[in-house]
Number of protein chains: 2
Amino acid sequence: MERIPILKMGKFLLVTIQVDLYDRLALALEEDLVMMVHKTGAKGVLIDISALSIVDSFMGKIIGNIAAMSSILDAETVVVGMQPAVAITLIELGLPLSGVYTALNVERGMALLEARMPEETGNDRDNDDE
Amino acid sequence: MERIPILKMGKFLLVTIQVDLYDRLALALEEDLVMMVHKTGAKGVLIDISALSIVDSFMGKIIGNIAAMSSILDAETVVVGMQPAVAITLIELGLPLSGVYTALNVERGMALLEARMPEETGNDRDNDDE
């Protein structure tokens, strides 16, 4: 079964969605992502959907689910690279992606997450007192 | 026609290959990547192939091409996330990916590129003398 790779970039995770998500792939992604957030202690998840030119209610729901799951695990979700047509479709479908931040591209999404990170409060995990 | 998204992350570009590259898609990727390197002045290209469980001589050739093109444009290429089976196949195919750096994951690939970047020699392009 194919899986969507989840890349760890510093404190954040990056997922690039390039293929249509069908049920099992979407479930696998949700599961993998939650496991990765847990394992890495990531504070943010970036979902790049710049490759998607269409989106349906199922995809919208999956993105909402991922955001909800991440936020329970104390990681914020930013959807980046949304094409204008996708934004139109999501609103017309009545899926305003509430609870999900959006940004124009990965760089801005990262900046958004950085800005929202609380100032280092002494709980950084790799602090080895070097 | 579908296209593989190219994400700009700071000074580097990131390409996540999740689908089998067929001729036209591979050509489009080469073209897009060269354009992006030119447009953004990126100093490095990370190609994540962690989603690929098999690789054939065509894929190997495309990766080699991308590396060669990037290097002409003064950007280094790092292939990251290669699965063990893929490494075995590449060697058995006689494609040692010469001229291409490899790293275990995106983070290490970025660290490799950072380490190889010459010390800022005053040629950063966004230097607007603000």
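Residues numbered from 1 in each chain as written. Chains lettered and ligands numbered in written order. Predicted model: local features only at pLDDT ≥ 70, side-chain atom pairs only at ≥ 80, totals over all residues. Heavy atoms only, no water.

Engineer: Sorry, what's going on with the sheet that holds strand β5 (residues 101-103) of chain A here?
Structural biologist: Through backbone hydrogen bonds, the strands of a sheet pair up, either in parallel or in antiparallel fashion. Residues and elements named next belong to chain A. Sheet architecture is open: five strands sit in the order β1-β2-β3-β4-β5, paired in mixed fashion. Each end of this open sheet is capped by a strand with a single partner; those strands are β1 (6-9) and β5. If you compare each strand with its neighbour and ignore which way they point, the axes differ by 25° on average. Across three bridges, the pairing between strand β4 (residues 76-80) and β5 is parallel. Bridge pairing links V79 to T102 in β5. (Pairing = 2+ DSSP bridges. Helix = DSSP H or I, 4+ residues; strand = E, 2+ residues; numbered from the N terminus. Axes fitted to C-alpha atoms, helices over the stretch in contact; angles between N-to-C directions.)

Engineer: I tried to follow the packing of helix α1 (residues 23-40) of chain B against helix α2 (residues 57-72) of chain B on my own but got confused; where do I start?
Structural biologist: The relative placement of two packed helices comes down to the angle between their axes together with the axis-to-axis distance. Residue and element names in this part refer to chain B. Between α1 and α2, the shortest axis-to-axis distance is 10 Å and the interhelical angle comes to 15°. Taken together, the axes of α1 and α2 are roughly parallel relative to one another. Note on packing geometry: the crossing formed by α1 with α2 is right-handed. Two secondary-structure elements touch here, α1 through D23, A26, L29, E30, L33 and V34 and α2 through F58, I62, N65, I66 and M69. Residues belonging to the contact of α1 with α2 are distributed by class as follows: eight nonpolar, one polar and two charged. (Parallel < 35°, antiparallel > 145°, perpendicular 65-115°, else oblique. Left-handed = near helix turned anticlockwise from the far one by under 90°. Contact = heavy atoms within 4.5 Å. Nonpolar A, V, L, I, M, F, W, Y, C, P; charged D, E, K, R; others polar.)

Engineer: What is the right way to look at the nonpolar core in this model?
Structural biologist: As a rule of thumb, nonpolar side chains are buried together in soluble globular proteins. Formed by 60 residues in total, the largest nonpolar core has its most connected members in I17 and L21 of chain A together with I17 and L21 of chain B. With near-sequence residues (within four places) excluded, I17 of chain A lies in contact with L29, I47, D48, I49, A51, L52 and M59 of chain A. (Core = buried A, V, L, I, M, F, W, Y, C linked by side-chain atoms within 4.5 Å. Buried < 20%, exposed > 50% of the residue type's maximum accessible area, 1.4 Å probe, protein only.)

Engineer: Looking at this model, I keep getting lost on empty space enclosed by the protein. Mind explaining?
Structural biologist: Regions of empty space are outlined by a rolling probe, equal in size to a water molecule, passed over the atoms. Residues and elements named next belong to chain B. Counted under the stated rule, the structure contains one cavity of 30 Å³ or more. Taken together, E30, L33, V34, V37, I66, M69, S70 and L73 make up the full set of residues lining the largest cavity. Where the lining of the largest cavity is concerned, the elements lending two or more residues are α1 and α2. It is α1 that contributes the most residues to the lining of the largest cavity, four residues altogether. Looking at the lining of the largest cavity residue by residue, the class counts come to six nonpolar, one polar and one charged. (1 Å grid on protein atoms, 1.4 Å probe; cavity = no way out; pocket = protein on both sides within 12 Å on 5 of 7 lines; lining within 4 Å. Points joined across faces, edges and corners; volume = space filled by probe spheres on them.)

Engineer: How should the relation of the copies chain A and chain B be read in this particular structure?
Structural biologist: Turning chain A through 180° and shifting it by 0.0 Å along the axis lays it on chain B, with an RMSD of 0.0 Å. Taken together, the turn and the small shift mark the pair as related by a two-fold rotation axis. Mapped onto chain B, 100% of the interface residues of chain A are again interface residues, and the two copies thus contact each other with one and the same surface. (Least-squares fit on C-alpha atoms with pLDDT ≥ 70 in both.)

Engineer: How do you make sense of the sheet that holds strand β3 (residues 44-48) of chain B when you look at a structure like this?
Structural biologist: All names here are of chain B. The strand order across the open sheet formed by five strands is β1-β2-β3-β4-β5, and the pairing between neighbours is mixed. Looking at strand neighbours, the two that pair on one side only are β1 (6-9) and β5 (101-103), the edges of this open sheet. Ignoring strand direction, the axes of neighbouring strands in this sheet form an average angle of 25°. Note that β1 and strand β2 (residues 12-16) share four bridges and pair antiparallel. Bridged to L7 within β2 is L14.

Engineer: I'm lost on the pairing of strand β3 (residues 44-48) of chain A in this one. Help?
Structural biologist: Residues in a regular strand point their side chains to alternate faces of the sheet. Residues and elements named next belong to chain A. Burial analysis of β3 places five of its five residues in the buried class, which makes it a mostly covered element. Along β3, one buried face is formed by G44, L46 and D48 and the opposite face, lined by V45 and I47, is buried too. Bridge analysis of strand β2 (residues 12-16) against β3 gives five bridges, and the strand direction is parallel. Each residue of the ladder has a partner; that of L13, found in β3, is V45. Between the parallel elements β2 and β3, the chain passes through helix α1 (residues 23-40) in a crossover that is right-handed. Here β3 pairs with β4 via five bridges, running parallel. Along β4, the bridge assignment pairs D48 with V80. (Right-handed = clockwise from strand over helix to strand, strands pointing away.)

Engineer: Any chance you could explain the pattern of salt bridges here in plain terms?
Structural biologist: What the rule picks out here adds up to ten salt bridges over all chains. Taking the shortest distance from any N to any O, the salt bridge between R116 of chain A and E76 of chain A comes out at 2.8 Å. Of this pair, R116 of chain A sits in helix α4 (residues 106-116) while E76 of chain A is found in strand β4, placing the two residues 40 residues apart along the sequence. Between E114 of chain B and K11 of chain B there is a salt bridge; the shortest N-O distance is 3.5 Å. Remark: K11 of chain B occurs in the loop between β1 and β2 and E114 of chain B occurs in helix α4 (residues 106-116); sequence separation between them is 103 residues. (Salt bridge = Lys/Arg side-chain N within 4 Å of Asp/Glu carboxyl O.)

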